[in-house]
Every structure is written in structure tokens, then in C-alpha cells.
Amino acid sequence: QVQLVESGGGLVQAGGSLRLSCAASGRTFTNYAMGWFRQAPGKEREFVAGISLYPSDTSYAESVKGRFTISRDNAKNTVYLQMNSLKAGDTAVYYCAASRYRVPTTEPAQYANWGQGTQVTVSS
């Protein structure tokens, strides 16, 4: 199974930007689509963005569309989430996940492996 490690979280003011990274390893990594999820205290984990392996088709939650951009660098086995125009409502722990499939889906149960999460806090 793929192993995932997120980084790049932190504290930022509303309107600011952060770039999250997810480094992946494992013999089957190239067989997985990748996704970003987030979970705020007291709330369920929700889909944020996803990207296929090839081609690099992307999908986004409506709440982040136009503000967040997911991308990947296959040579580095890394997926990114560029977050712009951050809002207080974006505050959550963000998780990188490897899908069971080649295209991203929105359900957590369809992802086989998860990173440890990285905290994003947006102050207003």
C-alpha cells in the first residue's frame, strides 16, 4: 500500500494562501488517483479535491472551487493543494488520500490509504 505524508499546514489570515504537499511512496502508487479531504472539529470528513494519475483530470468540492488548485508531480510522487483566498471556514485538518481507483471520487471509503493530516488554521 502507498504511504502518505502531508506538510505545509499552518496559521494564515483570511484572504491568504497556503500550499499543502503530500509525498507518497509504495510499489502501487502509480495505480492510484489522489485526493484531499478535510475535517473540522465536530464535523465529518469531507472531500476537497481530487486528481487522476493520467491524464491529470481534477475535481473539486463546490465550496473550494475557484480558490483551491490540486496538482501532482509524478516524478516526485507528490501531490499539492494550492489554497488561495482562504476563509475562516477552511480551518480543518487536511488529509491526503490514495484512492482505490484511477480517477478521484468523493467518498472517504473509496480511498485506501491516508496521511497523518496537517492542520490549517485561518484567522478572521
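Residues numbered from 1 in each chain as written. Predicted model: local features only at pLDDT ≥ 70, side-chain atom pairs only at ≥ 80, totals over all residues. Heavy atoms only, no water.

Draft legend 1. Representation of the overall build of the protein chain in the model. In terms of helices and strands, the protein chain carries 0 helices and 11 strands. When the helices and strands of the protein chain are read in sequence order from the N terminus, they spell out β-β-β-β-β-β-β-β-β-β-β. Relative to a compact globule of 124 residues, whose C-alpha radius of gyration would be 14 Å, the protein chain shows 13 Å and is just as compact. Taking the principal axes of its C-alpha atoms as reference, the protein chain extends roughly 40 × 30 × 25 Å. At a minimum sequence separation of 6, the contacts of the protein chain that also span at least 24 residues come to 57%. Per element, the accessible surface of the protein chain, about 6400 Å² overall, is 47% carbon and sulfur. Mean positive and mean negative side-chain charge positions of the protein chain (12 and 8 charges, respectively) differ by 4 Å. (Helix = DSSP H or I, 4+ residues; strand = E, 2+ residues; numbered from the N terminus. Rg over C-alpha atoms; globule rule 2.2 N^0.38 Å. Contact = heavy atoms within 4.5 Å. Areas by Shrake-Rupley, 256 points an atom, 1.4 Å probe, with all protein chains shown as cover. Lys, Arg positive; Asp, Glu negative; His and termini not counted. Charge placed at Lys NZ, Arg CZ, Asp CG, Glu CD.)

Draft legend 2. A look at unusual backbone geometry. Backbone geometry at N77 places phi at a positive 50°, although glycine is not the residue there. Residue classification places N77 among the partly exposed positions, given a relative accessible area of 27%. (Buried < 20%, exposed > 50% of the residue type's maximum accessible area, 1.4 Å probe, protein only.)

Draft legend 3. Structural detail: the state of the cysteines. As enumerated under the stated definition, the model contains 1 disulfide in all. Here C22 pairs with C96 through a disulfide, and the sulfurs are 2.1 Å apart. With the S-S bond torsion at -80°, the cross-link from C22 to C96 turns out left-handed. With C22 in strand β3 (residues 18-25) and C96 in strand β9 (residues 92-99), this residue pair connects regions lying 74 residues apart in the sequence. Among the residues examined, C96 registers a relative accessible area of 0% and is labelled buried. (Disulfide = S-S within 2.5 Å.)

Draft legend 4. The arrangement of the side chain of R72 in detail. Within the secondary structure, R72 sits in strand β7 (residues 68-73). As a buried residue without a salt bridge, R72 has its nearest oppositely charged side chain in D73, at a separation of 7.7 Å. Polar contacts involving the side chain of R72 include one to the main-chain carbonyl oxygen of S52, which spans 2.6 Å. A distance of 2.7 Å separates a polar atom in the side chain of R72 from a polar atom in the side chain of N74. (Salt bridge = Lys/Arg side-chain N within 4 Å of Asp/Glu carboxyl O. Polar contact = N/O pair within 3.5 Å; in protein donor to acceptor, adjacent residues only side chain to side chain.)

Draft legend 5. Focus on the nonpolar core. Of all hydrophobic cores here, the largest spans 28 residues; its most connected members are W36, L81, M83 and Y94. Counting only elements with at least two residues in this core, the list comes to β3, β4 (34-39), β5 (46-51), β7, β8 (78-83), β9 and β11 (118-123). Apart from the residues lying within four places of it in its own chain, the contact partners of L81 are L18, R19, L20, W36, V48, A49, F68, T69, I70 and Y94. (Core = buried A, V, L, I, M, F, W, Y, C linked by side-chain atoms within 4.5 Å.)

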